[in-house]
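# Summary of structural features
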Amino acid sequence: MNLILVLGDQLNRQISSLTDLDRRKDVVLICEVWEEAEYTNHHKKKLAFIFSAMRHFADELRAQGITVRYTKLQKTEKTSSFRSEVEKAIRELKPERIVVTEPSEYCVLNDIKSWAFDLPIEIRPDTRFLISKDEFSGWAKGRKQLRMEYFYRDVRRKYSILMEGDNPAGGQWNFDKQNRNPLKEKTNIPAPYVEAPDRITLEVIAMIDEYFGGNFGDLHPFYFAVTREQALKALDQFVLERLTNFGSYQDAMLQNEPWLYHSHLSFYLNCGLLLPVDCIRTAEEAYRSGQAPLNSVEGFIRQIAGWREFVRGIYWLTMPAYADANFLEAYRPLPSFFWTEDTQMNCLRQCIKETKENAYTHHIQRLMVIGNFSLLAALHPDDVNDWFLSVYADAYQWVELPNVTGMILFADGGVLASKPYAASGAYINRMSNYCKGCRYKVTKKNGPDACPFNYLYWNFLIRNDQKLRSNPRLRIAYQNLDRMSEDKTDAVKADSQRFFNALENEEKI
Ligand code: FAD
Ligand code: DLZ
Ligand code: SF4
């Protein structure tokens, strides 16, 4: 008899540990454990989502005649961990073997590898991704630079995604230039997918309220899909209602409009309810049938077949050293307004408020508002990673860490991104309507009323001169800095110092 351990982000019947399951003998173990629930200040919606999806998956397996041993979080057993739950199951069920699909996170894999029970543990490859860890390291080997764009093209070729023979559909690999339109006012943006909580979800919500009431984030209202069937409906709704505009408005931000034309599928992809091929093939079909334009379909597919696979590859290629990277020597602690949204910078307030409400913000809010601020303010990578890992319902270390350490903080010195995504307030003003409602003036460069992003941007270049000047993609930025008068650079430094002092003194900025 095999004891098959299925982790909370492996909720798919096609997962490698379940492929040869013998329903007459084998037992599937799914467990809610305190060790996972408490290692960070997980958003309440994130916890409710994962536990509800786990409980629904257990019921789906049972409906197929499979024996499932499911353990719920118990207040009386606050020390539970994957190891302790497996140990208990071994004692009671006496299996011949443990089978598990490789965990998505480095620490959990190492933990499982260290288990010394008196029976074999078979760790099977994680086939939920398009590119295996070995394939990625083979691709990376011998390359001076790892760039997503070239990796993505190889994935397209390998799986014949949006291809016309040997060529990319439409004659181009990338339609990003068409995908940078701002949205300046509310248009007819479709409502996001909403699933009313059923009995199981309501039970989980009650448990989260009781056990995790002090955690960050709003638990109510809860509207996520929690089964594969519902997640597939959310995918269909996205393709039908939002995919057409996805590309054009991919980078846009709008006050009080958290969902826009994004897919909101990352939660479902990352816990296994959806597979990348589900999303890619459905989107491609929409293009082939004339339902959605190529710039949108290619843009969406690039996020999943390109970025998602690429960041996972970087994660496994570079761990564990990646988790300690701090190339720009950034040491400032996370300001408390990341938890309280108590700031006068409207863009940040808006994005943090939406994070608290939904356990979601879209990519440009994470990258160009919260991420950009974290970079320019030299926040410590450990603090920023911990925040991003806890507040989003789609956050697992394999995807969160490269996005934070590599993409927003440039703490890896350029392994993932060719340059830091640093920007002044002008970018945020171009892509959103946040600045209209702000106490600061985006057009002012210096002084107490100036948009802090404006002087912090130049201060960032000055502070990191030695490390960044030689980056060819920052050549123009440094040329512009060199043209600045001394008075101007002095004002930048003085404004930045005043700003950082205020942060340190916990003044409202
Ligand atoms: P869409 O815009 O609709 O994109 C479609 C899909 O593409 C997403 O569902 C996601 O699976 C994938 N995708 C897009 N960009 C990325 C990316 N950079 N890395 C990996 N996958 C991507 N994504 C996570 O899934 N978990 C995280 O913890 C996470 N943390 C992030 C932290 C920072 C600082 C940044 C800048 C990005 C982070 N992302 C993370 C990537 C991205 O922001 C989210 O995947 C996206 O916002 C999810 O919303 P969506 O499903 O509506 O995405
Ligand atoms: C995120 C999470 C949380 C909060 N709790 C659990 C849990 O109690 N049990 C579980 O199996 N998975 C949980 N997860 C998802 C895990 O973080 C994820 O499955 C592993 O860390 C993957 O390495
Ligand atoms: Fe953000 Fe600056 Fe615009 Fe205010 S003025 S919303 S701080 S970019």
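Now for a quick tour of the structure. All of these numbers come straight from a predicted model, not from anything done at the bench. (Residues numbered from 1 in each chain as written. Chains lettered and ligands numbered in written order. Predicted model: local features only at pLDDT ≥ 70, side-chain atom pairs only at ≥ 80, totals over all residues. Heavy atoms only, no water.)

## Digging into the site of ligand 3
For clarity, the cut-off: Here a residue is considered near a molecule or strand provided that any single heavy atom belonging to it is located within 4 Å of it. Side-chain classes are defined by residue name, with Ala, Val, Leu, Ile, Met, Phe, Trp, Tyr, Cys and Pro counting as nonpolar, Asp, Glu, Lys and Arg as charged, and the others, Gly among them, as polar.
Surveying the vicinity of ligand 3 reveals the residues Met345, Cys347, Gly425, Ile428, Tyr434, Cys435, Cys438, Tyr440, Val442, Cys451 and Phe453. Broken down by class, the residue content of the shell around ligand 3 amounts to ten nonpolar, one polar and no charged.

## Topic: the site of ligand 1
We apply this condition: Under the rule applied, a polar contact is a pair of N or O atoms within 3.5 Å (in protein, one hydrogen donor and one hydrogen acceptor; residues adjacent in sequence only if both atoms are side-chain atoms). To be clear on the numbers: accessible area is Shrake-Rupley with a 1.4 Å probe, and residue cover counts the displayed protein chains and nothing else. Numbering of helices and strands runs from the N terminus; a helix is a DSSP stretch of H or I covering at least four residues, while a strand is a stretch of E covering at least two. Domain delimitation in this document rests on an assignment produced automatically or drawn from a domain database.
Close contacts around ligand 1 come from 29 residues, with His262, Ser263, His264, Asn270 and Tyr360 the closest. For ligand 1, a nitrogen atom lies 3.5 Å from a polar atom in the side chain of Gln303. In this structure, an oxygen atom belonging to ligand 1 sits 2.7 Å away from a side-chain N or O atom of Tyr360. Coverage of ligand 1 by the protein amounts to 99% of the 820 Å² it exposes when considered alone. Of all the secondary structure elements, the ones that give two or more residues to the shell around ligand 1 are helix H10 (266-271), helix H12 (294-318), helix H15 (363-376) and helix H17 (397-408). In terms of residue class, the shell around ligand 1 is made up of 15 nonpolar, ten polar and four charged. Each of two domains, domain 2 (134-190 + 242-317) and domain 3 (337-504), supplies a minimum of three residues to the shell around ligand 1.

## Focus on the pattern of salt bridges
Stated formally: Note on definitions: salt bridges are taken to be side-chain nitrogens of Lys or Arg within 4 Å of carboxyl oxygens of Asp or Glu. The cut-offs for exposure are 20% and 50% of the maximum accessible area for each residue type, with area from a 1.4 Å probe on protein chains only; residues under the lower value are buried, those over the upper are exposed, and the others partly exposed.
Per the counting criterion, the structure on display carries 34 salt bridges. The partner of Asp154 in a salt bridge is Arg157, and the shortest N-O contact between them spans 2.8 Å. In this pair, Asp154 and Arg157 both sit in helix H6 (residues 148-159), three residues apart, roughly one turn of the helix. The class for Asp154 is partly exposed, based on a relative accessible area of 32%. Of the charged contacts, one joins Glu284 and Arg288 as a salt bridge, the two residues approaching to 2.8 Å between their closest N and O atoms. Residue Glu284 and its partner Arg288 are located together in helix H11 (residues 276-288), separated by four residues, close to a single helical turn. A residue is classified by how much of its surface remains accessible, and Glu284, at 8% relative accessible area, is buried. Three or more residues joined by partner-sharing salt bridges are found here, namely Asp20, Arg97, Glu122 and Arg124.

Take it as geometry only, folks, not as evidence of what the structure does.
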